[in-house]
Amino acid sequence: MNRGNRKDQIFIEEEDYIIFLKMLKKVQRKYPFRLISYCLMTNHIHLQIQTINTPIGQIMQSLLLNYTKYFNQKYDLSGHLFQGRFTSELIETDSYMMQTSRYIHLNPVKAKMVKMPKDYRWSSYCVYLGRRKCELTADEKILDYFSGNRILYKQYVENNLYAEDVSEEILRYEERVGHDNGEDQEPPPDIQN
């Protein structure tokens with residue numbers, strides 16, 4: 001996870017989201033990793049990544065440095081785009097793996113940007129539902145917990161939509177990350193290259 005410096009926007013126009021995803025894909029080709037789930041909010045990002053041979057720091061440094069260069073050039077800015085080093089946490093249990101994916105997909109709902117996670121276009125949730133293809137996302141890792149059943153995953157995520165009894169692990173994650181408001185968006189275009 002990383003947040004914009006001073007909680008400023010890191011995505012202003014639709015093109016910014018698209019460029020970020022293209023850069024993510026380029027970094028994935030250079031330093032192979034599995035992107036389990038993601039959500040790009042207006043002023044922060046969530047990436048659930050399973051590394052292979054490259055340390056997460058190298059992956060994130062490459063991604064965030066290149067995106068910062070793009071953003072600063074486009075908007076005639078200089079300096080830090082992100083508030084600091086990214087935040088990461090090792091996921092060591094199956095339950096935490098599933099809960100993290102659910103948290104990431106519910107982030108736009110909890111930020112009151114959309115009513116349902118399927119309505120937010122800059123997350124991997126619609127990939128999990130089978131409504132959109134994205135070669136970046138390795139949804140099978142989480143779907144395997146549900147015997148590949150997309151409907152069961154949807155129920156897992158959406159049945160907890162307004163639950164007050166958030167698990168202890170997710171509550172700790174939310175306290176670290178926080179929530180931000182943004183705007184409704186249409187599904188993203190397919191990312192090519």
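This report concerns the structure included in the present document. Only a predicted model underlies this, so the values are computations on that prediction, with no experimental measurement involved. (Residues numbered from 1 in each chain as written. Predicted model: local features only at pLDDT ≥ 70, side-chain atom pairs only at ≥ 80, totals over all residues. Heavy atoms only, no water.)

1. Some points on the overall build of the protein
Test applied: Numbered from the N terminus, helices here are DSSP runs of H or I no shorter than four residues, and strands are runs of E no shorter than two. Type-normalised accessible area, obtained with a 1.4 Å probe on protein chains alone, sets the label of each residue: buried when under 20%, exposed when over 50%, and partly exposed for intermediate values. For this analysis, residues touch if any pair of their heavy atoms sits within 4.5 Å. For every accessible area listed, the method is Shrake-Rupley and the probe measures 1.4 Å; residues are considered covered only by the protein chains on display.
Broken down by element type, the protein carries seven helices and three strands. Shown N-terminal to C-terminal, the secondary structure of the protein runs as helices and strands in the order β-α-β-β-α-α-α-α-α-α. Relative to its full complement of 193 residues, the protein shows a buried share of 51%. For the protein, long-range pairs separated by at least 24 residues make up 72% of all intrachain contacts whose partners lie at least 6 apart in sequence. Just so you have it, the protein exposes about 10,100 Å², and 47% of that area is on carbon and sulfur atoms.

2. Section: the side chain of N5
Considering the arrangement of structural elements, one finds N5 in the loop between β1 (2–3) and α1 (14–30). With relative accessibility at 18%, the residue N5 sits in the buried group.

3. What to know about the sheet that holds strand β2 (residues 33–40)
For clarity, the cut-off: Only when DSSP finds a minimum of two bridges between them are two strands counted as paired. Working convention: axes come from line fits to C-alpha atoms, limited for helices to the stretch in contact. Angles between N-to-C directions cover 0 to 180 degrees.
On the basis of which strands lie adjacent, the open sheet formed by three strands has the order β1-β3-β2 and antiparallel pairing. The open sheet has two free edges, formed respectively by β1 and β2, since each of these has just one partner strand. As paired strands, β1 and strand β3 (residues 44–51) are joined by two bridges and run antiparallel to one another. Residue pairing for β3: N2 is matched across the bridge by I45. Its contacts with the sheet place α1 against β2 and β3, and it is angled at close to 170° to β2. Strands in contact with helix α3 (residues 94–110) are β2 and β3; relative to β3, the strand with the most contacts, it is inclined by about 155°.

4. Comments concerning the packing of aromatic side chains
As a reminder of what qualifies: Pairs were defined over the aromatic rings of Phe, Tyr and Trp, the Trp ring being its six-membered one, requiring ring centres within 6.5 Å. Orientation was assigned from the angle between planes: stacked under 30 degrees, edge-to-face over 60, tilted for the rest. Throughout this description, the term charge over a ring refers to an Arg CZ or Lys NZ atom that lies within 6 Å of the ring centre and within 35 degrees of the ring normal.
Scanning the entire structure with this criterion turns up 13 aromatic pairs. Aromatic side chains Y67 and F71 sit 6.0 Å apart centroid to centroid with 40° between the ring planes, which places their arrangement in the tilted category. Placement of both Y67 and F71 in helix α2 (residues 56–74) is noted, with a separation of four residues, approximately one turn of the helix. Just as Y67 is buried, F71 falls in that class too. Each ring, one from F146 and one from Y153, has its centre 5.5 Å from the other, and the planes form 80°; the classification is edge-to-face. Exposure class is identical for F146 and Y153. Each is buried. Clustering of aromatic rings is evident, with ring pairs tying together F11, Y17, F20, Y67, Y70, F71, Y75 and W122. Sitting over the ring of F86, R85 keeps its end group 4.2 Å from the ring centre.

5. Brief notes about the nonpolar core
Selection criterion: As used here, the term nonpolar core means buried Ala, Val, Leu, Ile, Met, Phe, Trp, Tyr and Cys residues forming a set that is joined through side-chain atoms within 4.5 Å.
Counting residues in hydrophobic clusters, the biggest one holds 40 residues, and the most contacted among them are L40, I45, L47 and Y67. Counting only elements with at least two residues in this core, the list comes to α1, β2, β3, α2 and α3. Residues contacting I45, with those up to four places away along its chain left out, are M1, N2, I10, F11, F20, C39, L40, M60 and L64.

On their own, these measurements won't tell you what the molecule is for.
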